[in-house]
Amino acid sequence: MSPQPIPEDATREARHRRAGITAFLTGTAASFAFFAFFPGLPHVIDWGAIIVSLAVGGLARWAWLARLAKRDSHAREEQKP
């Protein structure tokens, strides 16, 4: 039988989900902006730029969620008596 989630876990999961979505969208938008406005690059968004932008968004999401998990684990360790 799985343990019942406590309200703190539900709020933490919701916060992590929102943070992951925000990090993904920010990384993707920053990568699109790089491809669209960086001098010297052709100012055309092609399929390669779209795929790279999605990969950068995924990497940003992964990195941000890893950072949040590390911060949460340190906070839990400090709360232990």
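What you see is a predicted model, and the numbers here were worked out from it, not measured in a lab.

Q: Pulling in residues and values, what's your account of the overall build of the protein?
A: Scanning the protein from terminus to terminus reveals 2 helices and 0 strands. Expressed as a percentage of its 81 residues, the buried residues of the protein come to 17%. Summarising the internal contacts of the protein: among those between residues at least 6 apart in sequence, 62% fall at separations of at least 24. Carbon and sulfur atoms make up 68% of the accessible area of the protein, which amounts to about 6500 Å² in all.

Q: Which residues make up the pattern of salt bridges, and what values do they have?
A: Counting across every chain of the model gives 2 salt bridges. Between Arg 12 and Glu 13 there is a salt bridge whose closest N-O contact spans 3.9 Å. The buried category is assigned to Arg 12, whose relative accessible area is 18%. Salt-bridge contacts for Asp 72 lead to Arg 15; the nearest nitrogen and oxygen are separated by 3.9 Å. Here Arg 15 lies in helix 1 (residues 7-37) and Asp 72 lies in helix 2 (residues 47-79), a separation of 57 residues in the sequence. Exposure remark for Arg 15: the relative accessible area of 36% places this residue in the partly exposed category.

Q: Describe the side chain of Ser 53, with residues and values.
A: Residue position: Ser 53 is located in helix 2. Ignoring sequence-local partners within four residues, the contact set of Ser 53 consists of Thr 28, Ser 31, Phe 32 and Phe 35.

Q: Describe the packing of aromatic side chains, naming the residues involved and giving the relevant values.
A: In total, this model carries 1 aromatic pair according to the counting rule given. Taking the centre distance of 5.5 Å and the plane angle of 70 degrees together, the rings of Phe 34 and Phe 35 count as edge-to-face.

Q: Run through helix 2, naming residues and quoting values.
A: The end-to-end C-alpha distance of helix 2 is 48 Å, a good match for the 48 Å that 33 residues give at a rise of 1.5 Å each. Buried within helix 2 we find Ala 49, Ser 53, Gly 57, Leu 65, Leu 68 and Asp 72.

Criteria and thresholds
Positions within a chain are numbered from 1, following the residues in the order the chain's sequence is written. Whole-chain, interface and lining totals are the exception, using all residues; otherwise, since this is a predicted model, local features are given only for residues with pLDDT of at least 70 and side-chain atom pairs are given and counted only at 80 or more. No hydrogens and no water enter the side-chain calculation; it runs on all heavy atoms of the structure. Elements are defined by DSSP. Helices are runs of H or I of four residues or more, strands are runs of E of two residues or more, and each kind is numbered from the N terminus. Relative accessibility decides the category of a residue: with a 1.4 Å probe and only protein chains considered, values under 20% of the type maximum give buried, values over 50% give exposed, and everything between is partly exposed. Here a residue-residue contact requires only that any non-hydrogen atoms of the pair lie within 4.5 Å. Residue-level accessible areas treat just the shown protein chains as cover; the underlying method is Shrake-Rupley with a 1.4 Å probe. The rule for a salt bridge is simple: a side-chain nitrogen of Lys or Arg has to be within 4 Å of a carboxyl oxygen of Asp or Glu. Pairs were defined over the aromatic rings of Phe, Tyr and Trp, the Trp ring being its six-membered one, requiring ring centres within 6.5 Å. Orientation was assigned from the angle between planes: stacked under 30 degrees, edge-to-face over 60, tilted for the rest. In this scheme, a helix's expected span is set at 1.5 Å multiplied by one less than its residue total.

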